[in-house]
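Examination of the molecular architecture
Now for the letters of each chain:
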Amino acid sequence: MSIWLIGAGDMAQEYSKVLNELVSDYEVIGRGKKSATNFKLVTNHSVREGGLSIALKDSKPPAKAIVSVAVEDLYEVTIQLVKSGVKRILLEKPAGLDKKEVENLNQTAKSHNATIMVAYNRRFYKSTEVLRELIENDGGATSCFFEFTEWSHIIGPLKKDPRVKKTWFLANSTHVVDLAFHICGFPKDFHALQEGTLSWHPSSRFCGSGITEKDVLFSYLADWDAPGRWGVEVFTKKNRYILRPLVELQVVRLGSVKIETIPIDDQKDKLFKPGIYNQVKAFIEEEDSIFCSIEDQLMHIDIYNKIAGYN
């Protein structure tokens with residue numbers, strides 16, 4: 001088995017820490033000297049500089065690849081990998097910056113018999129795993145609420161590609177939205193509203209409600225002009241479960257208003273960036289039941305565009 005890690009930035013460093021534990025050998029493909037030097041200092045793993053095109057020209061493509069480059073480069077890098085013959089790819093979210101990119105990725109993967117999994121690592125949190133089990137034991141979810149407020153005063157000044165900031169909901173907020181729908185089912189019918197505007201994003205306030213394919217009622221709110229944080233709350237006939245922060249699990253039991261913390265064995269989420277260890281392990285072992293595939297992401301993109309108000 002051969003694995004390439006594409007990218008040498010901060011997120012790629014987190015993947016490298018996990019790969020150091022799980023595999024005997026892998027190759028890191030980066031572009032510049034500065035990022036390569038810093039990567040080696042942090043991970044003690046060397047980087048092949050010069051970029052993906054040169055690496056593919058000089059070497060046989062790997063069996064598997066993890067793509068952890070800048071959001072605006074995810075699409076082009078992954079298309080290049082698939083066309084070179086790589087059959088299994090773990091691709092950082094959101095895979096593409098619009099529906100056309102995600103659609104092209106899905107079609108290219110199909111035509112080359114390749115598998116692309118989108119790296120929504122919060123599906124792999126220990127808190128999420130325990131919550132799924134508790135909901136099942138309770139007889140299923142009945143309703144759900146989630147919040148995806150972003151800190152616009154922090155994001156606004158960031159030096160990022162304007163295309164990424166313009167689609168920030170897709171590029172970042174879908175982490176929590178994907179998690180809520182992963183747990184409770186994706187919508188079969190819903191209503192979405194947007195208000196406000198930012199210099200870098202078309203809307204700043206969002207709310208909506210609907211029903212999922214599992215017949216779970218849901219609602220959401222996000223106000224990027226106000227204080228807030230990500231959170232998911234799932235209701236059953238016995239309990240109200242709270243993920244806020246998402247790595248922790250709390251419960252309010254029927255007949256009580258007391259918020260209790262549920263202890264979880266989250267050692268891997270403390271040793272590594274949360275969710276990454278279990279996500280990479282599942283990717284390597286080809287255990288795909290929890291993943292969002294590129295085909296799934298294509299089905300979800302219209303939902304995300306409706307929530308965000310994107311054309």
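Here's what I pulled together on the structure shown here. Every value quoted in this text rests on a predicted model; they were computed, and no experiment measured them. (Residues numbered from 1 in each chain as written. Predicted model: local features only at pLDDT ≥ 70, side-chain atom pairs only at ≥ 80, totals over all residues. Heavy atoms only, no water.)

**So, the nonpolar core**
Judged by nonpolar contacts, the single largest core of 77 residues is most densely connected at F146, F148 and V232. It is helix α9 (residues 168-184) that contributes the most residues to this core, eleven residues altogether. Excluding anything up to four places from it in sequence, F148 contacts F169, S173, V176, V177, F206, Y220, L221, A222, W224, W230 and I307. (Core = buried A, V, L, I, M, F, W, Y, C linked by side-chain atoms within 4.5 Å. Buried < 20%, exposed > 50% of the residue type's maximum accessible area, 1.4 Å probe, protein only. Helix = DSSP H or I, 4+ residues; strand = E, 2+ residues; numbered from the N terminus. Contact = heavy atoms within 4.5 Å.)

**Focus on the sheet that holds strand β10 (residues 231-235)**
As summarised here, the arrangement of the eight strands in space is β7-β8-β9-β6-β10-β11-β12-β13, forming an open sheet in which the pairing is mixed. Each edge of the open sheet is held by one strand with a lone partner, namely β7 (187-195) and β13 (260-261). Note that strand β8 (residues 205-212) and strand β9 (residues 217-223) share seven bridges and pair antiparallel. When the bridges of β9 are listed, I211 appears paired with L217. (Pairing = 2+ DSSP bridges.)

**Here's the deal with the pairing of β8**
Across eight bridges, β7 lies against β8 in antiparallel orientation. Bridge pairing in β8 places D189 opposite I211. The turn joining β8 and β9, which pair antiparallel and follow one another in sequence, is formed by four residues; a positive phi near 60° is taken by D215.

**Details of the layout of surface pockets**
Empty pockets left among the atoms are what a rolling probe the size of a water molecule brings to light. There is about 1300 Å³ of room inside the largest pocket. Within the residue set of the lining of the largest pocket, elements represented by two or more residues are α1 (10-22), α3 (52-58), α4 (74-84) and α9. Looking at the lining of the largest pocket element by element, the count peaks at four residues for α9. (1 Å grid on protein atoms, 1.4 Å probe; cavity = no way out; pocket = protein on both sides within 12 Å on 5 of 7 lines; lining within 4 Å. Points joined across faces, edges and corners; volume = space filled by probe spheres on them.)

**Regarding the pattern of salt bridges**
If you walk through the whole model with that rule in mind, you get 18 salt bridges. One salt bridge in this structure joins R163 and D161, with 3.0 Å as the shortest N-O distance. The partner of R253 in a salt bridge is E260, with the nearest N and O atoms 3.4 Å apart. Classification of E260 by relative accessible area gives partly exposed; the value is 25%. Salt bridges sharing partners connect three or more residues here, namely E233, R240 and R244. (Salt bridge = Lys/Arg side-chain N within 4 Å of Asp/Glu carboxyl O.)

**Considerations on the pairing of strand β3 (residues 64-67)**
Covered by surrounding structure in β3 are K64 and I66 together with A65 and V67, the residues of both alternating faces. Across four bridges, the pairing between β3 and strand β4 (residues 88-92) is parallel. Following the sheet pairing, I66 is matched in β4 by L90. After leaving β3, the chain enters α4 and then returns to the sheet as β4, a path that is right-handed. (Right-handed = clockwise from strand over helix to strand, strands pointing away.)

**Focus on the state of the cysteines**
If you walk through the whole model with that rule in mind, you get zero disulfides. Cysteine C144 remains unbridged, with the sulfur of C184 as its closest cysteine sulfur at 3.9 Å. The thiol sulfur of C292 is not disulfide-bonded, and the nearest other cysteine sulfur, from C184, lies at 16 Å. Of the residues examined, C292 reaches a relative accessible area of 1% and is grouped as buried. (Disulfide = S-S within 2.5 Å.)

**Description of the environment of L97**
Here L97 shows up in the loop between β4 and α5 (99-111). Assessed through its relative accessible area of 9%, L97 is described here as buried. Sequence separation of L97 and H191 is 94 residues, and the distance between their C-alpha atoms is 23 Å. Aside from chain neighbours lying at most four places away, what touches L97 is V71, E72, R163, V164, T167 and L170.

**Comments concerning the environment of D161**
Here D161 is to be found in the loop between α7 (152-155) and α8 (162-166). Using a relative accessible area of 21% as the deciding quantity, one classes D161 as partly exposed. Polar contacts involving the side chain of D161 include one to the main-chain amide nitrogen of R163, which spans 2.8 Å. (Polar contact = N/O pair within 3.5 Å; in protein donor to acceptor, adjacent residues only side chain to side chain.)

**Notes on the sheet that holds strand β1 (residues 3-6)**
In sheet architecture, strand pairing relies on hydrogen bonds along the backbone and comes in two forms, parallel and antiparallel. In space, the six strands of this open sheet follow the order β2-β1-β3-β4-β5-β14, with mixed pairing throughout. A single partner strand is all that each edge strand has here, and the edge strands are β2 (27-29) and β14 (292-293). With five bridges joining them, β4 and strand β5 (residues 115-119) adopt parallel strand pairing. Looking at the pairing, L90 lines up with M117 of β5. Against the sheet, α4 contacts β1, β3, β4 and β5, and its axis sits at roughly 175° relative to β4. (Axes fitted to C-alpha atoms, helices over the stretch in contact; angles between N-to-C directions.)

**Notes on the packing of α1 against helix α11 (residues 276-285)**
Their axes nearest at 10 Å, the elements α1 and α11 cross at an angle of 65°. Of the two possible hands of crossing, α1 and α11 adopt the one that is right-handed. Listed contacts from α11 to M11, E14, Y15, V18, L19, E21 and L22 of α1 are I276, Y277, Q279, V280, K281 and I284. For the contact of α1 with α11, the residue count by class is nine nonpolar, one polar and three charged. (Left-handed = near helix turned anticlockwise from the far one by under 90°. Nonpolar A, V, L, I, M, F, W, Y, C, P; charged D, E, K, R; others polar.)

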